[in-house]
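Topology and contacts: notes
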Amino acid sequence: MLNQAASPAVRTALYTPQERERRDASVWTLVQGLLAPLQFLVFLVSLVLVVRFLMTGQGEQAAALSVLVKTLTLYTIMVTGCIWEKVVFDRWLFAPAFYWEDMFSMLVLALHTAYVLAWTTGSLGSQQQMWLALAAYTAYVINAAQFIWKLRMARLDHAASLAAGAAT
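Residues numbered from 1 in each chain as written. Predicted model: local features only at pLDDT ≥ 70, side-chain atom pairs only at ≥ 80, totals over all residues. Heavy atoms only, no water.

Digging into the overall build of the chain
A count of helices and strands for the chain gives 5 helices and 0 strands. N-terminal to C-terminal, the α/β element order of the chain is α-α-α-α-α. The buried share of the chain, taken over its 168 residues, is 35%. In the chain, of all internal contacts separated by at least 6 residues, the share reaching a separation of at least 24 is 70%. Of the roughly 10,300 Å² that the chain leaves accessible, carbon and sulfur atoms contribute 71%. (Helix = DSSP H or I, 4+ residues; strand = E, 2+ residues; numbered from the N terminus. Buried < 20%, exposed > 50% of the residue type's maximum accessible area, 1.4 Å probe, protein only. Contact = heavy atoms within 4.5 Å. Areas by Shrake-Rupley, 256 points an atom, 1.4 Å probe, with all protein chains shown as cover.)

As for the packing of aromatic side chains
Taken as a whole, this structure holds 11 aromatic pairs when the rule is applied. On the basis of an interplanar angle of 75 degrees and a centroid distance of 5.8 Å, the ring pair of Trp84 and Phe89 is categorised as edge-to-face. An identical accessibility class is assigned to Trp84 and Phe89; each is buried. Considering the side-chain rings of Phe98 and Phe147, the 6.0 Å spacing of their centres and the 20 degrees angle between planes classify their relative orientation as stacked. (Phe/Tyr/Trp six-rings, centres within 6.5 Å; stacked < 30°, edge-to-face > 60°.)

Remarks on the packing of helix 2 (residues 27-56) against helix 3 (residues 60-89)
Their axes nearest at 9 Å, the elements helix 2 and helix 3 cross at an angle of 160 degrees. Accordingly, the angle class assigned to the pair helix 2 and helix 3 is roughly antiparallel. Crossing angle aside, the handedness with which helix 2 passes helix 3 is left-handed. Along the lines of polarity and charge, the residues of the contact of helix 2 with helix 3 split into 18 nonpolar, 9 polar and 2 charged. (Axes fitted to C-alpha atoms, helices over the stretch in contact; angles between N-to-C directions. Parallel < 35°, antiparallel > 145°, perpendicular 65-115°, else oblique. Left-handed = near helix turned anticlockwise from the far one by under 90°. Nonpolar A, V, L, I, M, F, W, Y, C, P; charged D, E, K, R; others polar.)

Describing the side chain of Glu101
Residue placement: Glu101 occurs in helix 4 (residues 99-121). A polar contact is formed between the side chain of Glu101 and the side chain of Lys150, at a distance of 3.2 Å. Those residues within four positions of Glu101 in sequence are excluded, and the remaining contacts are Asn143, Gln146, Phe147 and Lys150. (Polar contact = N/O pair within 3.5 Å; in protein donor to acceptor, adjacent residues only side chain to side chain.)

Some words on the environment of Arg155
As for its position among the elements, Arg155 is in helix 5 (residues 126-167). Sequence separation of Arg155 and Leu14 is 141 residues, and the distance between their C-alpha atoms is 9.5 Å.

A closer look at the environment of Leu124
Within the secondary structure, Leu124 is located in the loop between helix 4 and helix 5. A residue is classified by how much of its surface remains accessible, and Leu124, at 33% relative accessible area, is partly exposed. Not counting residues up to four positions away in its chain, the partners in contact with Leu124 are Ala118, Gln129 and Leu132.

Quick word on the pattern of salt bridges
Summed over all chains, the structure comprises 3 salt bridges. Note that Arg23 and Asp24 form a salt bridge whose closest N and O atoms lie 2.6 Å from each other. For Arg23, a relative accessible area of 14% puts it in the buried group. (Salt bridge = Lys/Arg side-chain N within 4 Å of Asp/Glu carboxyl O.)

A short note on the side chain of Thr80
Here Thr80 lies in helix 3. The exposure class assigned to Thr80 is buried, which follows from its relative accessible area of 10%. Looking at Thr80, its side chain comes within polar contact range of the main-chain oxygen of Thr76, at 3.0 Å. Discounting chain neighbours no more than four positions away, the residues touching Thr80 are Trp28, Val31, Gln32 and Leu35.

Side note on helix 3
Relative to the 44 Å expected for 30 residues at 1.5 Å per residue, helix 3 spans 42 Å between its end C-alpha atoms, a close match to the ideal helical length. Of the residues flanking the end of helix 3, it is Asp90, one or two places downstream, whose phi is positive at about 60 degrees. (Expected span 1.5 Å × (residues − 1).)

Keep in mind these values describe shape, not function.
What follows is the structure in structure tokens.
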């Protein structure tokens, strides 16, 4: 009997050679590479302001505005990310290589948008708005981890393809 646990699972490479070439040649790859750490920095500042407000009751306006800035950076990275996917994979969204990351991004967008609507309409009190922001931020962190993991997989794929090329 064949021991299936001993045989490694075969994973499809994240990019075809053509997709990798388009990715490397696209200005949108640079844009995403610049926006991602910027968004993370905005997130960290906003997180501190939101938690400060929830703990002390101080800085409500700064916390609220920081969540709006974070949401704006999220929308920006999502729009430019869609353009990037179109250039690389010829799809605006839900390319197979990033399907689950894009699906979870929809939850992240929904939570951030819900915050903006609650803030705009006053349908939730300040405390509830900040808890909603923290829910959105939790989803964002999970989604960011998904993309970081994909970036790691892409690097491993590239290293394996270089090693395979050198071996032949």
